[in-house]
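Chains, contacts and geometry: an overview
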Amino acid sequence: MSAGRLLVSDAKLQLPAYAKINLLLRVLGRRDDGYHEIETVFQTVSLHDTLAYEPLEDRRIELTCSDPDIPADETNLVHRAAVALRDSCGVEAGARVTLEKRIPSQAGLGGGSSDAAATLCGLASLWNLSVGKAELVRLAARLGADVPFFLTGGTALGTGLGTDVRPLVDAPARALVVVTPGVKVSTAEAYKLLNAPALTKEGADVNLPISRAGLDFSGSLRAVMRNDFEASVFGLEPEIERARDALRSSGAEAAMLSGSGSSVFGVFENPGAAHAAARALAAERGWQVFECRTVGRAEYAESRRACAARLRGRDGGEDEIGA
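Residues numbered from 1 in each chain as written. Predicted model: local features only at pLDDT ≥ 70, side-chain atom pairs only at ≥ 80, totals over all residues. Heavy atoms only, no water.

1. Overview of the overall build of the protein
Within the protein one finds nine helices and twelve strands. Here the protein, with 323 residues, has 53% of them falling under the buried criterion. For the protein, contacts bridging at least 24 residues in sequence account for 76% of all contacts bridging at least 6. (Helix = DSSP H or I, 4+ residues; strand = E, 2+ residues; numbered from the N terminus. Buried < 20%, exposed > 50% of the residue type's maximum accessible area, 1.4 Å probe, protein only. Contact = heavy atoms within 4.5 Å.)

2. Focus: helix H3 (residues 133-143)
One turn of the α-helix equals 3.6 residues, which is why residues spaced by three or four share an orientation. Where H3 is concerned, the buried positions are Lys133, Leu136, Leu139, Ala140 and Leu143. One side of H3 holds all its buried residues, which, seen down the axis, span an arc of 125 degrees. In H3, the exposed residues that point more than 90 degrees away from the buried face are Ala134 and Arg142. (Arc of directions from axis to C-beta.)

3. Description of the confidence of the model for the protein
Chain-level statistics for the protein give a pLDDT mean of 86 and a share of 84% at 70 or above. Segment residues 201-213 is flagged for pLDDT under 50; beyond a separation of four residues in sequence, or across chains, it makes 27 contacts in the model. In the model, residues 313-318 has pLDDT below 50 throughout and makes five contacts with residues more than four positions away in sequence or in other chains. (pLDDT = per-residue confidence, 0-100.)

4. Comments concerning the packing of aromatic side chains
Under the criterion given, the structure shown has four aromatic pairs. Taken together, a centroid distance of 4.8 Å and an interplanar angle of 85 degrees make the contact between Tyr191 and Phe229 edge-to-face. Remark: Phe229 occurs in the loop between strand E9 (226-227) and helix H5 (230-236) and Tyr191 occurs in helix H4 (residues 187-194); sequence separation between them is 38 residues. According to the relative accessible area criterion, Phe229 is buried, its value standing at 2%. Of the aromatic side chains, those joined through ring pairs into one cluster are Phe42, Phe149 and Phe150. A cation over a ring is seen here: Arg304 above Tyr300, with NZ or CZ 5.0 Å from the ring centre. (Phe/Tyr/Trp six-rings, centres within 6.5 Å; stacked < 30°, edge-to-face > 60°. Lys NZ or Arg CZ within 6 Å of the ring centre and 35° of its normal.)

5. Quick look at the pairing of strand E11 (residues 264-268)
Judged by how many residues are buried, E11 sits mostly within the fold: five of five residues are covered. Here E11 shows a buried face lined by Val264, Gly266 and Phe268 and a second buried face lined by Phe265 and Val267. Bridge count between strand E8 (residues 175-180) and E11: five bridges; the pairing is antiparallel. The residue bridging Val179 from the neighbouring strand is Val264, located in E11. Pairing between strand E10 (residues 254-257) and E11: four bridges, direction antiparallel. Following the sheet pairing, Ala254 is matched in E11 by Val267. The hairpin formed by E10 and E11 contains six residues between the paired strands, and Gly259 there has a positive phi angle of roughly 60 degrees. (Pairing = 2+ DSSP bridges.)

6. Details of the nonpolar core
Ranked by internal contacts, the top residues of the largest apolar core, which has 44 residues, are Leu51, Tyr53, Leu85, Leu120, Leu123 and Trp127. At the level of elements, strand E2 (12-30), strand E3 (36-56), strand E4 (61-65), helix H1 (77-89), strand E5 (94-100), helix H2 (111-126) and H3 are the ones that each hand at least two residues to this core. Dropping the residues within four chain positions of it, Leu123 is found in contact with Tyr53, Ala82, Leu85 and Ala95. (Core = buried A, V, L, I, M, F, W, Y, C linked by side-chain atoms within 4.5 Å.)

7. So, the pattern of salt bridges
A full pass over the atoms with the stated rule returns 18 salt bridges. In this structure, Glu241 and Arg244 form a salt bridge, with 3.7 Å as the shortest nitrogen-oxygen distance. Here Glu241 and its partner Arg244 are both found in helix H6 (residues 238-249), three residues apart, which amounts to about one turn of the helix. On the basis of relative accessibility, which here comes to 30%, the residue Glu241 falls in the partly exposed class. Note that Arg293 is salt-bridged to Glu299, the shortest N-O span being 2.9 Å. On the basis of relative accessible area, Glu299 is assigned to the partly exposed category, the value being 22%. Beyond isolated ion pairs, a larger network of salt bridges with shared partners links Asp58, Arg60, Glu62 and Arg96. (Salt bridge = Lys/Arg side-chain N within 4 Å of Asp/Glu carboxyl O.)

Written as structure tokens, this is what we have:
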């Protein structure tokens, strides 16, 4: 399985937008503003959308999408990302964006967030902007909680609302199968059923933050995999739990919910085992089944290489996209 690569041809640029899974997701508590503090370990995977960018001489942002069920207007995160970058940098040009959608929407895989992050990188390069990663991260955090992660990729720790992202040593390369049942989960409802304690409540039994040093992915992923949403989400939609159990029955070493769902993923010993499981699970009616693999930070950075060359900050190094 090969992941997408960056292609540049004259004034047209094409980028992959990789999906993510959450190897670990803990909800620490509810803040005064109603949002929740979390700690999560993000991991990019080879399942990806593809976006193509072409410049326009005026300030219009034109978006077309291969999935007719996804709005291509100003509510789409891709459109919002383009407008945010254009307005922040005072750009007088516009862009035509074509989105080839493969990552299921509202499925806990970060597809919309990844598309938005790719658009920040792609258009900054297309418009030849002198902008560093720090500015893109600032814009990304305004667009959504998962968007900043996709400016880093690989294996990374997300804290706060998930917008504070620190790279981790990459988890070992593994074959995966992702299953998205034909049901949807409301993230707001999942949080409500989770009934997380208020962080400011005296005596609240709040989970202690995880230690970055304690995140050891050198051995089995199963030892560190955990998702606090599983019980509430499985109660809302038993079909998601059935998909998780089907992955385990098909030979997955470990299987778990990604994000707040509805997708689940299984970790397999080798691509052959993943392929056999994917073929068996594809017979389930209403399930989307994707055979994929983990994508490390070096490969992720390579997919952004042409953009990173232009977007590198004055000091280079850690300011690169994917660093």
